Amino acid sequence: MTGRNGSGKSVALLTALDIFLMAQLGLPVIATSVTLSPKKYFLLSFLERVPGDSTFRAKIAKDILIIRAINKMSSEERRRTIIIIDELGSATTPGDGILKICTSFIDWLVKQGVTVFMSTQIVQVSEHVRDHDGVNLIVSDDFTLCNGIGEGEPEKVAEEMGFFEALRISEE
C-alpha cells in the first residue's frame, strides 16, 4: 500500500489486522465474503521515534528481528504467519540505498511464503512489488512522490548493522 503522509496507511494496516483476527476468532466482520487460512504468528514493525537512536536504525533493527524470527520457523509455520510492516523504507525518496534495502527485504519475504501487509511512500518500492505473483498493490489516488529524506548512507548503516548478512544467512 502506498500513499501520501496522513492518507491512512497505518490505520488501514491495523484495521486489516483487527478484521483478520476477528474473522479468525469467528466474530462477525463486514465483508462481502471471507476466505481465510488460519494464521498463528503475527510479526509487527511500526515506525516510532526511538530516543538516542535514529528512526532508520530502529527500523533496520526490527527488520533484522523479523528475519531472525522467520529463519527459526518451519515452512508450515511460515505459511501461518502474517507480517505487517508500516513505512517500509521510512522515507519518501529512493536515494541513498533505501531502494536496495527495501527491494531485497521484499524479495526475501516473498520467498519465505509468509503473508505480508506493508505500506511505503517510495513509489519505486511499490512498482517493484507489482513484479511478484500473488501480490496486490493499493495506491492512494492522490499520491505524488515528494522529496524528504536527508543526506546519509542508509545502505552502509544497514550493512554495518548486519541486515544484508541476515538475509544471506537465511538463504544458506
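Residue numbers run consecutively from 1 along every chain, following the written order of its sequence. Reporting in this predicted model follows two pLDDT cut-offs: at least 70 for local features of residues, and 80 or more for side-chain atom pairs to be given and counted; totals over whole chains, interfaces and linings ignore these cut-offs and use all residues. Side-chain figures throughout are based on the complete set of non-hydrogen atoms in the structure, without hydrogens or water.

Pairing of aromatic rings covers Phe, Tyr and the six-membered ring of Trp, with a centre-to-centre limit of 6.5 Å; geometry is then stacked below 30 degrees between planes, edge-to-face above 60, and tilted otherwise. Summed over the entire model, instances satisfying the criterion amount to two aromatic pairs. Summarising the aromatic geometry, the rings of Phe 163 and Phe 164 are spaced 5.3 Å apart at their centres and angled 80° between planes, so their arrangement reads as edge-to-face. Pair check on accessibility: Phe 163 and Phe 164 agree, each one buried. Think of it as a cone above the ring: NZ of Lys or CZ of Arg counts as a charge over the ring if it is within 6 Å of the ring centre and within 35 degrees of the ring normal. The ring centre of Phe 164 lies 4.9 Å from the NZ or CZ of Lys 100, which sits over that ring. Any residue under 20% of the maximum accessible area for its type is buried, any over 50% is exposed, and the rest in between are partly exposed; the area is computed with a 1.4 Å probe on protein chains only.

If the charged atoms of two oppositely charged side chains come close together, the side chains can form a pair. A pair is scored as a salt bridge if a Lys or Arg side-chain nitrogen falls within 4 Å of a carboxyl oxygen belonging to Asp or Glu. The tally for this structure, following the rule as stated, stands at three salt bridges. The partner of Arg 168 in a salt bridge is Glu 159, with the nearest N and O atoms 3.3 Å apart. Using a relative accessible area of 40% as the deciding quantity, one classes Arg 168 as partly exposed. Arg 168 is the partner of Glu 165 in a salt bridge, and the nearest nitrogen-oxygen pair spans 3.3 Å. Taken together, the residues Glu 165 and Arg 168, both in helix α7 (residues 163-171) and three residues apart, mark about one turn of the helix. The secondary structure listing takes helices from DSSP runs of H or I that are at least 4 residues long and strands from runs of E that are at least 2 residues long, numbered from the N terminus.

The next thing to look at is helix α4 (residues 98-112). For a helix, the expected span equals 1.5 Å multiplied by the residue count minus one. Relative to the 21 Å expected for 15 residues at 1.5 Å per residue, α4 spans 21 Å between its end C-alpha atoms, a close match to the ideal helical length. When we look at burial in α4, the residues that qualify are Ile 98, Ile 101, Cys 102, Thr 103, Phe 105, Ile 106, Trp 108, Leu 109 and Gln 112. With its phi angle positive at about 80°, Gly 113 sits one or two positions after the end of α4.

Relative to the helices and strands, Thr 103 is located in helix α4. Taking relative accessible area as the criterion, Thr 103 reaches 14% and is therefore assigned buried.

This part covers the confidence of the model for the protein chain. Averaged over all residues, the pLDDT of the protein chain equals 74, while 73% of them reach at least 70. Each residue gets a pLDDT score, which is the predictor's confidence in that residue and runs from 0 to 100. Of all the helices and strands in the protein chain, strand β1 (residues 41-45) carries the lowest mean pLDDT, 74, while helix α3 (residues 75-79) carries the highest, 89.

Note on pairing: DSSP must find at least two bridges between two strands before they are called paired. Taken together, three strands build an open sheet; the order of strands is β1-β2-β3 and the sheet is parallel. With partners counted over all chains shown, the strands left at the sheet margins are β1 and β3 (115-118), one partner each. For this sheet, the mean angle separating the axes of adjacent strands, direction not counted, is 15°. Sheet topology places strand β2 (residues 81-85) next to β3; four bridges connect them, and they run parallel. Bridge pairing in β3 places Ile 82 opposite Thr 115. Lying on the sheet, helix α1 (residues 9-24) is in contact with β1, β2 and β3; it crosses β1 at an angle near 170°. Axes here refer to lines fitted to C-alpha atoms; in helices the fit is confined to the stretch in contact. Angles between the N-to-C directions go from 0 to 180 degrees. Every residue pair with non-hydrogen atoms within 4.5 Å of one another is taken to be in contact.

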